[in-house]
Amino acid sequence: MSFSFYFTPLCFVFLISYFYLMFFIILSAILILPVLMGFGEVSRKLLGEIGESISIKIFSGIFLLAMAWQVLAFFIPLTVWVEGISVGVGIGTFFYFKTYQSLLKLSGKEWFKITLISLLIVFAGSYYPFILDHFGYYVPSIKWLNEFGLTKGLANLDLVYAQMSVWHIFQAGFSHFADGFLRINAVFLIAFFFYIFEKKAWHLLLVSPIFLLFVQSPSPDLPAIALSLLVLNEILEGNKNFKWLFAFSVFIFTIKPTMVWAPIFVFLNFFRKENLKPLTLGMAVFAIYVFKNIWLFGYPFFPVQIGDFGFSWMPNAEVLKESSHVAVLKTFDMQYPLSEIQKFSTGDYIYHWLFIDSYKKYIHIAFVLSLLSFGGYAWKKKERVLTILFISVLLKSILVLVFSAQYRFFLDVFFVVYVVFFYGKVKEKIAISIFGMGAIIIFLGLSFPKMLQSQVNSFKLGHYMQGFTKTQFYKPAYFELNSFKTYEVGNLKFNVPNYDLCFDTPSPALSPSELKLYEKAGIFPQKIGEDLKEGFVWKKLSSEERKKLKEIIFSLDKKQ
């Protein structure tokens, strides 16, 4: 088979996207996927065999590159030079190890299916970002990584940085020329569909339309949920590669810590005395995660204040207390004042959470019913793997309910229960048909959000959807306001946007709400040294500094 067979479908996709679709995302996928496959081969050479399939090579490439960039970010920012060298090495190894040969083995029918679904993913990725965390968390984190890397005590500047996901480090590494519009999730989802078609995991295809809602932003929810389903699917298929499965499950945890059930499940399912050595790679991933948290936050696990080692850059107690209060308020969709919630008995807490006046009550009830159904099913089947999986998911659920029972923290449980019930029971034609119908519904919701807004008023994200725009035919839609003012308190000069999100404000950026929080606590972030790269601590405001901060806040309030 000629080498041109590899280029033919890609050239076809490029031409179609150039004239009709969003060729920036297509170009990103054409560049990034071979880079990841190249690093996947490097990963096999360095860390051991994991598999020969295209998707496994891509995911092992993601693992190696994300971990390498995470370590590198402690020392230098993830600049265009880091990206350029990484892309060069990835492309070089892609050809040196002849990784492209695995692409040549795909049939024309397989290429057609993957190309068609890739176009749907690209189209979904071309819409405006609408997840609020995109503007207040994802983009600021990526910008900081590009300019400064992982900075000591960064949580003192803004607590949101304390939860910086390894997924945003991975996105930051590709955010200069390979993926300047931050649509790495679209590229990831294409790789996930490679896995579905290679493994014929049609049960995963059936539920995949929901993933189209996560490709406009570098949301860690998509890779965390999808990769956890991959690990679960591999174990149900009988994969015994404990070393890689455990390392990968810990990697998923570092993407989103609420996925803690994944490493617990893999560990309990495979652990034996003779399996101590294979734990090493996963424990190394975990150790880097803990060190990153301590470096940024001062504690090993955000947002838990366990492990006080007395570091000088630990966040202020009042700021952490306010953050925990907000988490409690969000648990009840901001419908009750904190003073009332604190008076709830255990019964009141459960009742008000289950029957909250919002569409979320249906999610909460479904969550409880899903856990009960899963528990009953596991007890009836009496299979070791299902029992361990249920215990792992139950432990995760208890932790989430204790710390912050927001529905977005347990959405993955629905996917796990679905896989348990439908593994191996879904036919290809049915899966493709349902996926197609689901994709149409998703596109209608994205294109005509007013329909969604009018039908579900309590669905707040629906009010941030902007609908379809003509510019999507040649570039992904994105926001650009770039309106801010510069101030100085103590030794910190900072920028404040004329709105409450810092997505396009130069670093260091603080939102008006952050300024109010610091004024209330009587503290303010300060540089450790002359350079921002040296990190941040907090210090108590003098009377003059507090007066100045109040004046800044007053001037900002007048403009709004």
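Residues numbered from 1 in each chain as written. Predicted model: local features only at pLDDT ≥ 70, side-chain atom pairs only at ≥ 80, totals over all residues. Heavy atoms only, no water.

Some thoughts on the overall build of the protein
Spelled out, the test is: Runs of H or I in DSSP of at least four residues are treated as helices and runs of E of at least two as strands, each being numbered from the N terminus. The rule is simple: take the accessible area with a 1.4 Å probe, protein chains only, and divide by the maximum for that residue type; under 20% is buried, over 50% is exposed, in between is partly exposed. In what follows, a contact means two residues having at least one pair of non-hydrogen atoms within 4.5 Å. All accessible areas in this document rest on Shrake-Rupley with a 1.4 Å probe, and a residue is counted as covered only by the protein chains that are shown.
Each helix and strand counted, the protein has 24 helices and 4 strands in total. Put simply, the protein has 560 residues, and 57% of those count as buried. Within the protein, contacts between residues at least 6 apart in sequence are counted, and of these 68% link residues at least 24 apart. Counting only carbon and sulfur atoms, one obtains 66% of the accessible surface of the protein, whose full area is about 24,500 Å².

What to know about the pattern of salt bridges
Side chains bearing opposite charge may pair, as long as their charged atoms lie close to each other. The criterion, for reference: We count a salt bridge whenever a side-chain nitrogen from Lys or Arg sits within 4 Å of a carboxyl oxygen from Asp or Glu.
Applying the stated criterion across every chain, the model contains 15 salt bridges. With a closest N to O distance of 2.7 Å, Arg44 and Glu52 form a salt bridge. The exposure class of Arg44 is buried, given its relative accessible area of 17%. Asp333 is paired through a salt bridge with Lys360; the nearest N and O atoms lie 2.7 Å apart. Of this pair, Asp333 sits in the loop between helix 15 (317-331) and helix 16 (338-341) while Lys360 sits in helix 18 (residues 360-381), placing them 27 residues apart in sequence. Like Asp333, the residue Lys360 is buried in the burial classification. Within this structure, Glu41, Arg44, Glu52 and Lys57 form a network of salt bridges that share partners.

Some points on unusual backbone geometry
In the segment running from Phe302 into Pro303, the intervening peptide bond is cis, with an omega of 0 degrees. Topologically, Pro303 is positioned in the loop between helix 14 (279-297) and helix 15. In the segment running from Ser507 into Pro508, the intervening peptide bond is cis, with an omega of -5 degrees. Structurally, Pro508 is set in the loop between strand 2 (492-497) and helix 23 (512-521). Its identity as a non-glycine residue notwithstanding, Asp333 has a phi of 55 degrees, on the positive side. Residue Lys382 is not a glycine yet carries a positive backbone phi of 55 degrees. Position of Lys382 relative to the elements: it lies in the loop between helix 18 and helix 19 (384-403).

Brief notes about the packing of helix 13 (residues 261-270) against helix 19
What counts is decided by this rule: Here an angle of 0 to 180 degrees is reported between the N-to-C directions of two axes, which are lines fitted to C-alpha atoms, with helices fitted over the stretch in contact. A clockwise turn of the near helix away from the far one marks a right-handed crossing, whereas an anticlockwise turn of less than a right angle marks a left-handed crossing. When residues are sorted by character, Ala, Val, Leu, Ile, Met, Phe, Trp, Tyr, Cys and Pro go into the nonpolar class, Asp, Glu, Lys and Arg into the charged class, and all the rest, Gly among them, into the polar class.
Where helix 13 contacts helix 19, the two axes come as close as 9 Å, and the packing angle between them is 145 degrees. Handedness of the helix 13/helix 19 crossing: right-handed. In contact with Trp261, Ile264, Phe265, Leu268 and Asn269 of helix 13, helix 19 contributes Arg384, Val385, Ile388, Leu389, Ser392, Val393, Leu395 and Lys396. Considered class by class, the residues forming the contact of helix 13 with helix 19 number 9 nonpolar, 2 polar and 2 charged.

Section: the pairing of strand 2
Remember that side chains alternate between the two faces of the sheet whenever the strand is regular. Going by this rule: Only strands joined by at least two bridges in the DSSP assignment are considered to pair.
Among the 6 residues of strand 2, 5 are classified as buried, and the element is accordingly described as predominantly covered. As defined by bridge partners, strand 1 (residues 484-489) adjoins strand 2 across 6 bridges and the pair is classed as antiparallel. When the sheet's bridge partners are listed, Thr486 is paired in strand 2 with Asn495. The antiparallel hairpin formed by strand 1 and strand 2 contains 2 residues in its connecting segment, where Gly490 sits at a positive phi of about 65 degrees.

Examining the packing of helix 11 (residues 221-237) against helix 13
This is how it is decided: Note on angle classes: values under 35 degrees are labelled roughly parallel, values over 145 roughly antiparallel, values of 65 to 115 roughly perpendicular, and the remainder oblique.
Packing of helix 11 against helix 13 leaves a shortest axis separation of 10 Å and a crossing angle of 15 degrees. Here helix 11 lies roughly parallel to helix 13, going by the angle between them. Where helix 11 crosses over helix 13, the two elements pack in a sense that is left-handed. For the pair formed by helix 11 and helix 13, the contact residues are Ser228, Val231, Leu232 and Ile235 on the first element and Trp261, Phe265, Val266, Asn269 and Phe270 on the second. For the contact of helix 11 with helix 13, a count of residues per class yields 7 nonpolar, 2 polar and no charged.

Comments concerning the environment of Gly40
Within the element layout of this structure, Gly40 appears in helix 2 (residues 23-47). Residue Gly40 is classed as buried on the basis of its relative accessible area, which comes to 0%.

Focus: the confidence of the model for the protein
Inclusion rule: What pLDDT reports is the predictor's confidence in each residue, on a scale of 0 through 100.
Here the protein averages 87 in pLDDT, while 89% of its residues score no lower than 70. Averaged pLDDT values over the elements of the protein bottom out at 42 in helix 1 (residues 4-20) and peak at 97 in helix 8 (residues 166-173).

Looking at a nonpolar patch on the surface
Operational definition: Residues enter a patch when their relative accessible area is above 30% and they make no salt bridge; the linking distance is 9 Å between like charges and 5 Å between nonpolar side chains (Val, Leu, Ile, Met, Phe, Trp, Tyr).
Residues Val80, Trp81, Ile85, Val89 and Phe177 make up a contiguous nonpolar surface patch of about 540 Å² in total accessible area. Tracing the sequence through the fold places Phe177 in the loop between helix 8 and helix 9 (184-199).

Quick word on helix 18
Residues spaced three or four apart along an α-helix point in a common direction, a consequence of the helix completing one turn every 3.6 residues. How we decide: The span expected for a helix works out to 1.5 Å for each residue beyond the first. Within this analysis, the arc is defined by the directions that extend from the helix axis to the C-beta atoms.
The end-to-end C-alpha distance of helix 18 is 31 Å, a good match for the 32 Å that 22 residues give at a rise of 1.5 Å each. Taken residue by residue, helix 18 has Lys360, Ile363, His364, Phe367, Ser370, Leu371, Phe374, Gly375 and Ala378 as its buried positions. All buried residues of helix 18 lie within an arc of 125 degrees about the axis, which places them on one face of the element. Facing away from the buried side of helix 18 by more than 90 degrees, the exposed set consists of Tyr362, Leu372, Trp379 and Lys380. Those residues of helix 18 hidden inside the fold are in contact with helix 15, helix 17 (346-354), helix 19 and helix 20 (411-422).

Brief notes about the environment of Ile552
With respect to the element layout, Ile552 can be found in helix 24 (residues 543-559). Separated by 65 residues in the primary sequence, Ile552 and Tyr487 place their C-alpha atoms 7.9 Å from one another. Not counting the four nearest positions on each side in its chain, Ile552 is found in contact with Tyr487, Val489, Phe494 and Leu515.

With respect to the environment of Thr93
You can see Thr93 is positioned in helix 4 (residues 80-96). Residue Thr93 is classed as buried on the basis of its relative accessible area, which comes to 12%. Counting along the chain gives 54 residues from Thr93 to Phe39, while the straight-line C-alpha distance between them is 7.0 Å. For Thr93, the residues in contact, after removing those within four places along its chain, are Gly38, Phe39, Val42, Lys98 and Thr99.

Description of the side chain of Ser249
Within the secondary structure, Ser249 sits in helix 12 (residues 242-255). Ser249 has contacts with Ala262, Pro263 and Val266, leaving out every residue within four places of it along the chain.

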